[in-house]
Amino acid sequence: MSETTVVSGPATMTFSRYDDVTAALADPALVPQPAGSAAGSAAGSLGGSVAPGAPGGAPGTVAWLRSAVARFSSGEPHARRRALVLADLERLDQDRLRVAAAGGFEPDVRLRVVRVLAAELGLADPEAVARDVATVSRAYFADAPHDPAADAAVARLLPAMGDRDEETAANRIGLLVQACDATAALVEGARRHEGGLSVVLREDPPVRTMRRVAARATEVGGVAVPAGTRVLLDIAAAQSGAPEGVALTFGAPPRSCPGRAQALVIAEGILYGASDPADTGTPDADSAPDGDSAPDGDSAPSVLSAPSAPELGTAELGALVAEMVDHVLTLAVGWTAWDGRPIVNADGRTYTPHKAVRRITDHLIDHLAELEARVAGEPTEPDHWHGSNVTTPADLAPFTVADLDEARSRLTRLAGIWSRRVAALPDERLDDSPGTGWSFRRIVRHVSGAGYYYADSVGSLAGQAGA
């Protein structure tokens, strides 16, 4: 479908069918318009698409920046500058981006996105870079970018990029500027939709339209497009006809956004936390000879298992949980100094103070419910814990003195319940336990060992600033 309107200037044609939009994006005769009229297009590209040369300007100004980046270039300059952007993107480790994006407490998503990228690019002061990039972004796509504050920010950013080559530095700034609003729009859109990012990309793309101009006469979908015509591509409408898994938010070949993967992992980190590697389900070293694994499905390395204690009776065995909780709370005193960055342990799993407390608490509740059901001769309740495989937004919250007080009250009471419950069992029930699953002795050892593992994954943070 196409529409043609004439305003005070060249005609404007609109295309909204998927086939027409992708054909237009692939047509070399249709090039992105200069920055001011292409704001909608730019909003979704990290490292984005290109356009005819933007007006030059004094070095270190927004006008100069636009004249030096891939976003507003074509032909050989575009190819050369896009290669600079790709080189920077290839330096970024996606797992590290996700973990970094999940950490910290910056409420401004734009600043958080840029801070993460700047840090991973090795820039000296990511916080200052983020503030300046946010200032530049408000003028970067303007028709007439007269903004002294933005010009001053470009002047500061140029030496902060860490490269004496001005073209390299300019395109690094361009990458950060285009990431600033683009990735924030993905996050904000996902927060509005229950289905998250997949729904946003498929049904409500942050980039509603893209604009092109005909550098020479061409045609789209059999419709003639005269030279000089402005072309409006309705991405939101075209997306409904896109094949499964295709998101036009990031453009289409041959001008697809090169930073698609990086934008998505940063957005996912902010939205969902630092996801851990998928659990393999491998039994831990405390598994029975028949290979049974942990009943809660959150099997972990062998450090989950407490030292063998077959000689302990019920009272002494029950005390193992209390000893574990004492260890956890001793470490947790220092967790109020946590700086907001998730901690990756030696097994590649991500933990935070709140996540460690969550996992210890869930473990104690889960296995206590199992023990009580089996003693009563009732079936155990299947659990729905997400375990260590996810880091939730709540896990990423600051760990305050009030949180420490609540953790102390919660875990101390749970330890007391465990100690009294296990002490009330006949000794013979420890190894000859009713129902299906591990023996009660092994369950006590398992939950005790798990607590040490989760707490030690965060470790002692008393040495961090503010402890």
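Only a predicted model underlies this, so the values are computations on that prediction, with no experimental measurement involved.

Participant: Would you take a moment to explain the overall build of the protein for this structure?
Facilitator: Secondary structure summary: the protein contains 16 helices and nine strands in total. By residue count, 53% of the 467 residues in the protein fall in the buried class. As displayed, the protein offers around 19500 Å² of accessible surface, 54% of which is attributable to carbon and sulfur atoms.

Participant: Would you mind showing me how to read the packing of helix α7 (residues 126-140) against helix α9 (residues 166-192) here?
Facilitator: A pair of packed helices is characterised by two quantities: the angle between their axes and the separation of those axes. Here α7 crosses α9 at 80°, and the two axes come no closer than 9 Å. Between α7 and α9, the angle falls in the class roughly perpendicular. On the side of α7, the interface is formed by Val129, Val133, Ala134, Val136, Ser137 and Tyr140, while α9 contributes Gly174, Leu176, Val177, Gln178, Cys180 and Asp181. Here the residues of the contact of α7 with α9 sort into eight nonpolar, three polar and one charged.

Participant: Sorry if this is basic, but what is going on with helix α1 (residues 18-26) here?
Facilitator: Residues three or four positions apart in an α-helix share a direction because the helix packs 3.6 residues into each turn. Looking only at α1, the buried set comprises Tyr18, Asp20, Val21, Thr22, Ala24 and Leu25. Looking at the buried residues of α1, the elements they touch are β2 (11-15), β3 (30-32), β4 (209-214), β5 (218-220), β7 (230-234) and α11 (235-239).

Participant: I keep staring at the packing of aromatic side chains and nothing clicks. Help me out?
Facilitator: Aromatic rings considered in pairs are described by the distance between their centres and by the relative angle of their planes. Under the defined criterion, the tally for this structure stands at five aromatic pairs. Their ring planes at 50° and their centres at 5.8 Å tell us that Tyr351 and Tyr454 sit as a pair that is tilted. With Tyr351 in strand β9 (residues 350-351) and Tyr454 in helix α16 (residues 440-458), this pair connects stretches of sequence that are 103 residues apart. The residues Tyr351 and Tyr454 share a single accessibility class, namely buried. Taken together, the aromatic side chains of Tyr351, Tyr453 and Tyr454 make up a single cluster linked through ring pairs. The ring of Phe72 has Arg66 sitting right over it, with the charged end atom 5.7 Å from the ring centre.

Participant: Sorry if this is basic, but what is going on with the nonpolar core here?
Facilitator: For soluble globular proteins, nonpolar side chains are generally found buried alongside one another. With 59 residues, the main nonpolar core has Leu65, Leu117, Val129 and Leu176 as its most contacted residues. At twelve residues, the largest contribution of residues to this core is made by α9. Judged by nonpolar contacts, the second largest core, of 39 residues, contains Ala332, Trp338, Ala407 and Val422.

Participant: Help me out: how do you make sense of the environment of Gly60 in this one?
Facilitator: For Gly60, the location among the structural elements is in the loop between α2 (39-42) and α3 (62-68). Expressed as a C-alpha distance, the spacing of Gly60 and Ala155, which sit 95 residues apart in the sequence, is 4.4 Å. Setting aside chain neighbours within four positions, we find Gly60 in contact with Asp151, Val154 and Ala155.

Participant: Would you mind going over the environment of Leu232 with me for this structure?
Facilitator: One can find Leu232 in strand β7. Considered as a pair, Leu232 and Phe15 are 217 residues apart in the sequence and their alpha carbons are 6.4 Å apart. Discounting chain neighbours no more than four positions away, the residues touching Leu232 are Thr12, Met13, Thr14, Phe15, Thr209, Met210 and Arg211.

Participant: Even after reading the chapter, I still don't get the confidence of the model for the protein, so can you show me in this structure?
Facilitator: The predicted coordinates ought not to be read in detail in places where the model reports low pLDDT. Looking at the protein as a whole, the pLDDT averages 81, with 82% of positions reaching at least 70. Summarising per-element confidence for the protein, the mean pLDDT is lowest in α2 (36) and highest in helix α8 (residues 148-160) (96). Taken as a whole, residues 4-8 scores under 50 in pLDDT and shows six contacts with residues more than four places along the chain or in a different chain. Confidence drops under a pLDDT of 50 for residues 35-55, and excluding neighbours within four residues, the segment shows 84 contacts in the predicted structure.

Participant: Would you explain the environment of Arg71 in this entry?
Facilitator: Looking at where Arg71 falls in the secondary structure, it is placed in the loop between α3 and α4 (75-90). Residues Arg71 and Asn171, spaced 100 residues apart in sequence, show a C-alpha to C-alpha distance of 8.7 Å.

Participant: Just to check I follow, could you spell out the pairing of β7 for this structure?
Facilitator: Each regular strand displays side chains that alternate between the two surfaces of the sheet. Bridge count for β2 against β7 is four bridges, and the pairing is parallel. Each residue of the ladder has a partner; that of Thr12, found in β7, is Arg230. As defined by bridge partners, β4 adjoins β7 across five bridges and the pair is classed as antiparallel. Across the sheet, residue Arg212 finds its bridge partner in β7, namely Val231.

Participant: Just to check I follow, could you spell out the packing of helix α13 (residues 314-332) against α16 for this structure?
Facilitator: Running from N to C, α13 and α16 cross one another at 5°; their axes reach a closest spacing of 9 Å. By the angle between their directions, the pair α13 and α16 is classed as roughly parallel. Within the contact between the two elements, α13 uses Leu317, Leu320, Val321, Glu323, Met324, His327, Val328 and Leu331 and α16 uses Arg441, Val444, Val447, Ser448, Gly451, Tyr452, Ala455 and Asp456. For the contact of α13 with α16, the per-class residue count stands at ten nonpolar, three polar and three charged.

Participant: Help me understand the pairing of β4 in this model?
Facilitator: The pairing of β3 with β4 spans three bridges and is antiparallel. Note on β4: the bridge partner recorded for Val31 is Val213.

Participant: I would appreciate a short explanation of the pattern of salt bridges in the present structure.
Facilitator: One side chain can pair with another of opposite charge once the charged atoms of both are near each other. Summed over all chains, the structure comprises 23 salt bridges. Arg17 serves as the salt-bridge partner of Asp20, at 2.9 Å between the closest nitrogen and oxygen. Residue classification places Asp20 among the buried residues on the basis of a relative accessible area of 5%. Glu372 is paired through a salt bridge with Arg421; the nearest N and O atoms lie 2.7 Å apart. Residue Glu372 is located in helix α14 (residues 353-375), and its partner Arg421 is located in helix α15 (residues 401-423); the two are separated by 49 residues in the primary sequence. In this structure, a network of salt bridges that share partners links the residues Glu76, Arg80, Arg81 and Glu167.

Cut-off values and rules
- Residues numbered from 1 in each chain as written.
- Predicted model: local features only at pLDDT ≥ 70, side-chain atom pairs only at ≥ 80, totals over all residues.
- Heavy atoms only, no water.
- Helix = DSSP H or I, 4+ residues; strand = E, 2+ residues; numbered from the N terminus.
- Buried < 20%, exposed > 50% of the residue type's maximum accessible area, 1.4 Å probe, protein only.
- Areas by Shrake-Rupley, 256 points an atom, 1.4 Å probe, with all protein chains shown as cover.
- Axes fitted to C-alpha atoms, helices over the stretch in contact; angles between N-to-C directions.
- Parallel < 35°, antiparallel > 145°, perpendicular 65-115°, else oblique.
- Contact = heavy atoms within 4.5 Å.
- Nonpolar A, V, L, I, M, F, W, Y, C, P; charged D, E, K, R; others polar.
- Phe/Tyr/Trp six-rings, centres within 6.5 Å; stacked < 30°, edge-to-face > 60°.
- Lys NZ or Arg CZ within 6 Å of the ring centre and 35° of its normal.
- Core = buried A, V, L, I, M, F, W, Y, C linked by side-chain atoms within 4.5 Å.
- pLDDT = per-residue confidence, 0-100.
- Pairing = 2+ DSSP bridges.
- Salt bridge = Lys/Arg side-chain N within 4 Å of Asp/Glu carboxyl O.

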